[in-house]
Number of protein chains: 2
Amino acid sequence: MLFEVWAPQAGQVELLVAGERVPMKAEPRGWHRVECDAAPGSEYGFSLDGGEPLPDPRSPWQPDGVHGLSRTIDHGAYRWKDDDWSPPPLPDWVVYELHIGTFTEQGTFAAAEARLDHLVELGVNVVEVMPVNTFSGERGWGYDGVDLYAPHSAYGAPDELKAFVDACHARGLAVVLDVVYNHLGPAGNYLGNFAPYFTDAYSTPWGDAVNFDDSDSDEVRRFFIDNALMWLRDYHFDGLRLDAVHAILDTSATHFLEAMACDVDELEQETGWPRVLVAESDLNDPRMVSDLERGGLGMDAQWSDDLHHALHSFLTGETEGYYEDFGSLDQLAKALRQSFVYDGVYSEHRRRTHGRTPREIPGHRFFAYIQDHDQIGNRAAGDRLTHLVDTDALKIASGLVLTSPFTPMLFMGEEWGATTPFQYFTAHDDPRLGRAVSEGRRSEFASFGWKPEDVPDPQDEATFMGSKLDWSELERETHAEMFDWHRSLIDLRKQHEELRDGDLSRISTSFDDEEDWLLVRRSSFTFACNFSTEERSVPLAGEHEAVLSSGDTSVPDGKSVVLLPRSFTAFRAK
Amino acid sequence: MLFEVWAPQAGQVELLVAGERVPMKAEPRGWHRVECDAAPGSEYGFSLDGGEPLPDPRSPWQPDGVHGLSRTIDHGAYRWKDDDWSPPPLPDWVVYELHIGTFTEQGTFAAAEARLDHLVELGVNVVEVMPVNTFSGERGWGYDGVDLYAPHSAYGAPDELKAFVDACHARGLAVVLDVVYNHLGPAGNYLGNFAPYFTDAYSTPWGDAVNFDDSDSDEVRRFFIDNALMWLRDYHFDGLRLDAVHAILDTSATHFLEAMACDVDELEQETGWPRVLVAESDLNDPRMVSDLERGGLGMDAQWSDDLHHALHSFLTGETEGYYEDFGSLDQLAKALRQSFVYDGVYSEHRRRTHGRTPREIPGHRFFAYIQDHDQIGNRAAGDRLTHLVDTDALKIASGLVLTSPFTPMLFMGEEWGATTPFQYFTAHDDPRLGRAVSEGRRSEFASFGWKPEDVPDPQDEATFMGSKLDWSELERETHAEMFDWHRSLIDLRKQHEELRDGDLSRISTSFDDEEDWLLVRRSSFTFACNFSTEERSVPLAGEHEAVLSSGDTSVPDGKSVVLLPRSFTAFRAK
């Protein structure tokens, strides 16, 4: 098989495979190549100028962790069973975000596969998997990946990941993978030994930025785009969620994201089924999700943190950190109409004007969620909205998100109102790094008034274990009721095409921030929320019937309706 | 009058005016304001928290240099005589770049005004003035400006600059001003004392970048946009040339350049005459000069360094620095067809793929030139193309540029083949800075094999004096002949609308890089260049007449024509 590595600064590169040192041939533009017999599963590494062997930057498998040797695999060997697969179109998506390590007790691809029928029962049709690339230590969220081509061994072997995707497809579930192209993790990152993967021209929260536009950046861009194509082609993923793309700094005439979108388009043609690119973007820039032909970056969708923040701070009253920019019913209504609350208005938190109106962007290009891994896990104790508001408020929140013109997304366990936290956990082997992470976490939250001993230690295994879902909760009545509520909402969305219509010009809201009620109108539907602890009479002209409600409501009389305290009701014009 | 300054970090700001200290009132978002009687011409400054008075960041006049106090002026007092002014439309432009300090012996606005009839005689219709903002020391190029609202006093008072613009308009000459928004000069920059004008999130060749997208950037953006509007409104400039916009790093949803373009559009509506924004961009990104409605940044035009480099390296054979990326006739032809040679192809010099095809961008959105202040002055000895190639080659070069579909631009003196260099000169008062600049220059060129004593010292007044145009050259025959050549070419362009047609799809080239000839076809015109030292027979189908030639040519016989060695001829189909 062909072994190759890009190492433009190295004089001599040797392949170490099966105990042998094989000199590689230097080829143009810094590539080194050699043909060598090696069975799948062979250990190998590259030695630069006589140095110790290092793992392959494009290693497909790191069973011995980030510092170990790489292993060859044969992507052609897996027998796929999803020949007839075609994913649901984006406007139909209902997404379920999960973390392999904590979704199940065992924390493996195989164990996750065994829980897929639960998702089918719930009614979601897309699974979004937090990063599965190889990172330092057994436990982690995955955003510290360093072997970006290799599935994390604690979750299972490459074939087990393929089997997981295959099993999803067999059940009609599309699968999106979370990938991180804006930085690499702090341990086991050998990329810099091989080539100028990083640049000091820009700074990011994680240090030097990835080199997307400086000298030798062609190969760096190729490294990440090839990674995207590998997951989509060799693992049959239906899309990628791109972490924090605002930290991908690139002044090239063709932005990295655009270049990736073009190559993914080609892959779609080649494989005959569409793939979806979803950006996590903090820019509130409609260009992110505009088509390439219109000068956009060609992402199919992006996460809508503004809607999350508007909903979270309105429901909880929290004003810390970025929540200082949110909290009013007015903002929540705006977020429900167009996703971006900050669309060219001044942000106190950012101390600058932020964003731009997302004119003509279809709603399904925004992912809407009450919570996600970050919004839970970046809290000191990783507490979910379940811990902060009552069941009534949770039902209103999920009602709004699951009937929105956006692409709704749940975070694992949310469907039954899981009480387990999702905390920040790591397992760095290097004790100095481990200590730094633990202390960093404590000091981060000290500024918010947290005592050090109250902040869970990321390095402590108990923090990880406590973040696993407790599936036995589902058997308890209140949780089963919450599950039914979510299932009913998803079902309502499935049954009515007008609820999957992303035309944002067809949505309108009215609200009263004294009386604390909100109406969202979409075609024949009116979604009525009463946030107050009193009954509220709200205007509802014309004949309507209540098709789904979190509590009882009075029958509409053609002019108004009385909403029970803290309730969500879906009305439909007769 | 109202005095105001943005100083968000200062507790107490005082105005010092006419020897008095007047406390200013802190207002929202970090502004401090006070109304105070002061006649135009009053000295003033601002004291932050009891400190020494500093010049106003928006000082309109710094007669005592960058460290002196500011002076008030009344922009309403000047009596403009250009009421009926309307500038030529961009496709008609022929631009003349000049530096006030070296254009004339005296180096003032008033002296430059006295030379305007020369430009009228030449036939150009736009004057582009190198930066006139106040910079450290008397002499300099102007790119080290620190008082961006104040005309440099060595050139004259604000009213003298207005009189210069007025005199241009009286002669039908539009005036473009070079402004620098990507960095401030190294001496006299007090902006950082007042507010976070800079950010360490990005690095630039000049250190910390200007803060266009971080906290408090709204006011920083306002500072620069207001500066642009001031020159256009209060000084009647017809446009701005924006220095090195690739160093304006901004990830906002609305890019700084776009925001500026919008505000300039409004000013156009208000004043009733169009203004032109011309970017110096190293990005080869068509988005720079695409309309706002098409997702562009809304610049009207940009400089075309690729055409310069292709022409320069082909004519001189130079391969140092960025010229290593150029040199072939093929590249010159490509540049003449579409400006960008690097349109998505690999650049050896940059070690990466560069640029993007400028599809559908009209040619007049690219400024074309044989030389400019940078391409001359950034050479060790500031030598012009005149010093490097013979008169024949100069004539071919100017023939190609002045008959191109782009907006042609000459650098002062080029029209007569001036032999004076344009060297890099400074006059920093601070001896340490002065020494650093002198030594920096010497060490920069040492790497290209220059002996220290052969590199002109920027701080030496002789370097400046030697860079002044020698107008007596014009009286000599060879120079007068060159002047006539330029005048004839400009006249040809003026007489034929088809030569001002910017549709790049209508231009084609053919060439032979063995025989060293090139044909450029535009509508009924064919421009024929023979770069070789021998006669060349080139194909020219159909009936043509030679309408302008740098040497004699044979009469076309309907199939071909014989070009004299090293000649440029404009043929027109009969």
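Undergrad: Please give an account of the overall build of chain A that cites residues and values.
TA: A tally of helices and strands in chain A yields 14 helices and 28 strands. Taking 25 Å as the expected radius of gyration for a compact globule of 574 residues, we find that chain A reaches 25 Å, a close match to that expectation. Over its C-alpha atoms, taken along the principal directions, chain A stretches across nearly 85 × 55 × 50 Å. In chain A, the proportion of contacts linking residues at least 24 apart, taken out of those at least 6 apart, comes to 67%.

Undergrad: Talk me through unusual backbone geometry; I want residue IDs and the actual numbers.
TA: The backbone of S339 of chain A sits at a positive phi, close to 70°, despite the residue not being glycine. With respect to the secondary-structure elements, S339 of chain A resides in the loop between α9 (329-338) and β18 (343-347). The backbone phi angle of S523 of chain B is positive, close to 50°, even though this residue is not glycine. Relative to the assigned elements, S523 of chain B resides in the loop between β23 (517-522) and β24 (525-530). Residue S523 of chain B is classed as partly exposed on the basis of its C-beta count, with 15 C-beta atoms lying within 10 Å.

Undergrad: Break down the relation of the copies chain B and chain A for me, citing the residues and quoting the values.
TA: Once turned by 180° and shifted 0.0 Å along the axis, chain B lies on chain A with an RMSD of 0.0 Å. The superposition operator between the copies reduces to a two-fold rotation axis. Considering only C-alpha atoms, the residue of chain B closest to the rotation axis is Y202 of chain B, which sits at 2.3 Å. Most of the interface of chain B is mirrored in chain A, where 100% of its interface residues again form contacts.

Undergrad: Outline the sheet that holds strand β6 (residues 43-48) of chain B, supporting the account with residue identities and numerical values.
TA: All names here are of chain B. With antiparallel pairing, 4 strands are arranged side by side in an open sheet as β3-β2-β6-β7. Since the sheet does not close on itself, it has two edges, and those belong to β3 (20-23) and β7 (70-71), each with one partner. Note: strand β2 (residues 13-17) against β6, 5 bridges, orientation antiparallel. From the neighbouring strand, E14 faces β6, where its bridge partner is S47.

Undergrad: Describe in detail the interface of chain B and chain A, supporting the description with residues and values.
TA: The interface is formed by 25 residues belonging to chain B together with 26 residues belonging to chain A. Those elements giving two or more residues to the side of chain B that touches chain A turn out to be β13 (198-204), α6 (217-234) and β19 (352-354) of chain B. Considering each element in turn, the side of chain B that touches chain A owes the most residues, 4 residues, to β13 of chain B.

Undergrad: Can you break down the sheet that holds strand β12 (residues 174-179) of chain A residue by residue, with the values?
TA: Residue and element names in this part refer to chain A. If you walk around this closed barrel you meet the 8 strands as β8-β9-β12-β15-β16-β17-β20-β21, and the pairing is parallel. If you compare each strand with its neighbour and ignore which way they point, the axes differ by 30° on average. By the bridge criterion, 4 bridges tie strand β9 (residues 126-129) to β12 in an arrangement that is parallel. Along β12, the bridge assignment pairs V127 with V175.

Undergrad: Hey, could you go over the packing of helix α8 (residues 305-316) of chain B against helix α9 (residues 329-338) of chain B for me, with residue numbers and the actual values?
TA: Residues and elements named next belong to chain B. One can describe the packing of α8 onto α9 by two numbers: an axis separation of 9 Å at closest approach and a directional angle of 150°. Classified by the interaxial angle, the pair formed by α8 and α9 is roughly antiparallel. The interaxial crossing formed by α8 with α9 has left-handed handedness. Here α8 contributes D306, L307, A310, L311 and F314 to the contact with α9, which in turn contributes L329, Q331, L332, A335 and L336. Looking at the contact of α8 with α9 residue by residue, the classes come out as 8 nonpolar, 1 polar and 1 charged.

Undergrad: Break down helix α12 (residues 431-446) of chain B for me, citing the residues and quoting the values.
TA: All names here are of chain B. Here α12 contains 16 residues, and its C-alpha end-to-end distance of 22 Å stays within 8% of the 22 Å for a straight helix at 1.5 Å per residue. Among all positions of α12, only V437, S438 and R441 are buried. The buried residues of α12 occupy an angular sector of 90° when projected down its axis, which confines them to one face. More than 90 degrees from the buried face of α12, the exposed residues found are P431, R432, R435, E439, G440 and S443.

Undergrad: I'd like a rundown of the domain arrangement of chain A, residues and numbers included.
TA: Residue and element names in this part refer to chain A. Its domain assignment divides chain A into domain 1 (90-497) and domain 2 (506-573). The distance between the C-alpha centroids of domain 1 and domain 2 comes to 32 Å. Across the contact, 19 residues belong to domain 1 and 17 residues belong to domain 2. Sorting the residues of the side of domain 1 that touches domain 2 by element identifies α9, α11 (391-402) and α14 (477-495) as the ones contributing at least two each.

Parameters at a glance
Throughout this document, residue positions are counted from 1 along each chain, in the order its sequence is written. To read the labels, note that chains go from A and ligands from 1, taken in the order they are written. Local features in this predicted model are restricted to residues of pLDDT 70 or higher, and side-chain atom pairs are both shown and tallied only at a pLDDT of 80 or more, whereas totals for entire chains, interfaces and linings draw on every residue. Per the convention used, a helix needs a DSSP run of H or I reaching at least four residues, while a strand needs a run of E reaching at least two, with both numbered from the N terminus. All radius of gyration figures rest on C-alpha atoms, and the globule criterion is 2.2 Å times the number of residues raised to 0.38. Placing a C-beta atom from the backbone of each residue, one calls two residues in contact when those atoms lie within 7 Å. Exposure classification rests on a simple neighbour count of other C-beta atoms within 10 Å of a residue's own: a residue reaching 20 or more is buried, one at 12 or fewer is exposed, and one in between is partly exposed. C-beta atoms are placed from the backbone. For the least-squares superposition of copies, only C-alpha atoms count, and only for residues with pLDDT at least 70 in both. By definition, two strands form a pair when at least two bridges between them are found by DSSP. Helix axes are fitted only over the stretch in contact, all axes being lines through C-alpha atoms; the angle between N-to-C directions runs from 0 to 180 degrees. Relative orientations are named as follows: roughly parallel for angles under 35 degrees, roughly antiparallel for angles over 145 degrees, roughly perpendicular for angles from 65 to 115 degrees, and oblique for any other angle. Two helices cross in a left-handed way if the nearer one is turned anticlockwise from the farther one by less than a right angle. They cross in a right-handed way if the turn is clockwise. All residues other than Ala, Val, Leu, Ile, Met, Phe, Trp, Tyr, Cys, Pro, Asp, Glu, Lys and Arg, Gly among them, are scored as polar; the first ten of these are nonpolar and the last four charged. Expected span of a helix: the number of residues minus one, times 1.5 Å. The directions from the helix axis to the C-beta atoms form the arc being described. Domain limits in this description derive from either an automatic procedure or a database domain assignment.

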